[in-house]
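Residue-level structure breakdown
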Amino acid sequence: MIIDAEIAKLVSKEVLQVANCVPDGFISNIFIRPKTDGAFRLILNLEPLNNSTMTVTLTDARAMKVRFACQNLLLQKTATIRSVAQVIAFLVSSFPAVEFAEMHYRHLELDKICALCANKGNFDSTMTLSAQSKAELTRWMDNVLTASKPIRHGNPDLTLTTDASKLGWGAVYGETSTWGFWSLEEQRYHINFLELKAVLLGLKSLCGAFSEKHILVETDNTTALAYINAMGASLLPTEDRAGSINRNPHCANVDNSTLVYTPLAPSDRQSLNTSPDRQSSVPAPQQCNSSSQQTVPIYGLQSIRESFQQRDISSKATSIILRSWSTGTQKQYAPYIKPWHDFCSKREVNSYSPPLNSVLDFLVSLHKQGLSYTTINTARSVLSAIILPTDSVNLGSHPIVSHFMRGTFKNNPPAPRYHTTWDLSPVLSYLSSLSKPNQSSLKTLTLKLAMLIALVSAQRGQSLHMLDIQFMKEGDNFFEFALPEHIKQSRPGYKVPSVLLQAFPADQSLCVFTHLKDYLQRTKCLRGTETKLFISHAKPHHRASRDTISRWIRSVMAEAGIDVTTFKPHSTRAAAASKAKNVSVPVKEILDTAGWSSERTFDRFYNKPIYSSHVNVWALKSHGIPVAVVTK
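Here is a short report on the structure shown in this document. Model, not experiment: these values are computed from the prediction.

1. Quick word on the side chain of Ser94
Examined against the element boundaries, Ser94 turns out to sit in the loop between α3 (81–93) and α4 (106–118). With a relative accessible area of 0%, Ser94 lands in the buried category. Of the polar contacts made by the side chain of Ser94, one reaches the backbone oxygen of Phe90; its length is 2.9 Å. If we ignore the near neighbours within four places in the chain, the residues touching Ser94 are Leu58, Val66 and Trp140.

So this is what it looks like as structure tokens:
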């Protein structure tokens, strides 16, 4: 409607002229538009060119000139610094037409810099080329005649987001993430270096199995962005303690053979300057063969990957194996991997094949810190994943380690997080007091719906975040969501239960069906192409993260008077299930709703006594009595 009105307006102003289709005719890509002085302006429709790959190449004469310059320099036993600088100028001027050319002149540039430093800036002094520089010149000679460079590389296949601080780093690819802490030595480096290293570790950890892929790297560090887009930098040489000049080996590469690169169109540059997350486009590394990589400490999931590689397991098989650990398990493992490597480093033992006494001493050090059996058992699982098996015996099942863990259990047995659970009554009273769905603000409706679904379904925050309207079935009095992704209970042979939300006509103020129906109607025009059920109640209305949904539930609990310093959002699962058991809901129905496969799991972890001796804070508030609620 809007487009038709605008077209009609342009036709009325004679900017456009209506044309009838002619049989066997064609639509021209050339247009003319009348100007105010009576002349015409020629307009070309270049959109079809965007669908084809356009490249830039050197002219034959220019390519031969570059090749001859490289060949002439190679034939000289010694060359003046000036002649080397002239060849470098030829190479640099060829960058727009030679893909990845920026990565194949760094050693030559460093040779020149070192020679200038040694000769106090005298360009007429002679210098000797290193073997790496000669290899670069040979590469140019072999490839310059056939080299080309695409103007654009198209849309990226993958997106990797990285960030770093002085304490650690993190990377996210899709729903998979990894992170780690810096060593004390690394913490002394500049933040720009740490941001670049975060990109490197993120690529190795999450994208190491990919090849020939176009990866978009998002980082908030402009220096790292510039470094990657420039494919590195020729750093100044450093002096060792003896005063001799050393070439910096970290001059050019994030990885060796596959180069860091992004061609940015003008529109891309504008978006980078205005976006809070700067972006860089990186073809994925195919192999990690840089010599500098060997001294980089590897923590997090990459440490486990290294362990499998030492067992001669292929990288593709390793990537599949690593997917067996969920994101939550990876986060549980991460805090113990770096301390283990540091522990082995101090003892000068191989962290992937240590003696048994070193393993026991490490576990003892954790026990001395007062850590619980559950925590130490997690550390044992980490070591079992990292350490190579001895005589086909895995560390986790080693008899001595098993006896040690039994002793730890007796000395410091695990204690449940909650001995009781909270009463639903004040929360339900608070929810009932809120306005009707069609009269509530979007924020109030969103928070109320999140809490109602959490209580009615007794699901984890993971499942609430997973709800997707693409997998939603609507009936006359119910909504049913299939969970398309893996959940915590997922395993071979396990059928993931659906989330069934039925109408509650007895009390419309607590009817999840009514509130969900209104929520879908209210957000229909806000969500665009977003299919996740929960979207942010504030602009720009992107999908709500799992942490955001947890904060919503925590906010409702705090407003209703629940002690959120004791009970976390996940406690809704136990509170709802325990309340259902108290009002004589069949145990099988509770198990099916919450997704538990055995009654033992429910009784052991979730069936808690309901603590209802606290004052109904919401009732006091509704009568005008001031009450302080702790929400930290």
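Structure shown, so let's carry the discussion forward.
2. What about the pattern of salt bridges?
For the structure on display, the rule yields 9 salt bridges. Here Asp124 makes a salt bridge to Arg82, at a shortest N to O gap of 3.1 Å. With Asp124 in the loop between α4 and β5 (126–127) and Arg82 in helix α3, this residue pair connects regions lying 42 residues apart in the sequence. The exposure class assigned to Arg82 is partly exposed, which follows from its relative accessible area of 40%. Here Glu109 and Lys112 are joined by a salt bridge, their closest N and O atoms 3.2 Å apart. Highlighted residues: Glu109 and Lys112, both in helix α4, separated by 3 residues, approximately one helical turn.

3. Here we look at the packing of helix α11 (residues 327–347) against helix α13 (residues 373–386)
Relative orientation of the contacting elements α11 and α13 amounts to 70°, with a least axis distance of 9 Å. Classified by the angle between their axes, α11 and α13 sit roughly perpendicular to one another. When the axes of α11 and α13 are compared, the crossing they make is right-handed. The segment α11 lies against α13, with Gln332, Tyr333, Tyr336, Ile337 and Trp340 engaging Thr375, Thr378, Ala379, Ser381, Val382, Leu383 and Ile386. Partitioned by chemical class, the residues of the contact of α11 with α13 number 8 nonpolar, 4 polar and no charged.

4. So, the sheet that holds strand β15 (residues 472–474)
What the 3 strands build is an open sheet, ordered β15-β16-β17; its pairing is antiparallel. Each end of this open sheet is capped by a strand with a single partner; those strands are β15 and β17 (499–502). The average angle at which neighbouring strand axes cross in this sheet is 15°, direction not considered. Where β15 and strand β16 (residues 478–481) come together, 3 bridges link them in antiparallel fashion. Residue pairing for β16: Met472 is matched across the bridge by Phe481.

Thresholds, definitions, all that
Residues numbered from 1 in each chain as written. Predicted model: local features only at pLDDT ≥ 70, side-chain atom pairs only at ≥ 80, totals over all residues. Heavy atoms only, no water. Helix = DSSP H or I, 4+ residues; strand = E, 2+ residues; numbered from the N terminus. Buried < 20%, exposed > 50% of the residue type's maximum accessible area, 1.4 Å probe, protein only. Polar contact = N/O pair within 3.5 Å; in protein donor to acceptor, adjacent residues only side chain to side chain. Contact = heavy atoms within 4.5 Å. Salt bridge = Lys/Arg side-chain N within 4 Å of Asp/Glu carboxyl O. Axes fitted to C-alpha atoms, helices over the stretch in contact; angles between N-to-C directions. Parallel < 35°, antiparallel > 145°, perpendicular 65-115°, else oblique. Left-handed = near helix turned anticlockwise from the far one by under 90°. Nonpolar A, V, L, I, M, F, W, Y, C, P; charged D, E, K, R; others polar. Pairing = 2+ DSSP bridges.

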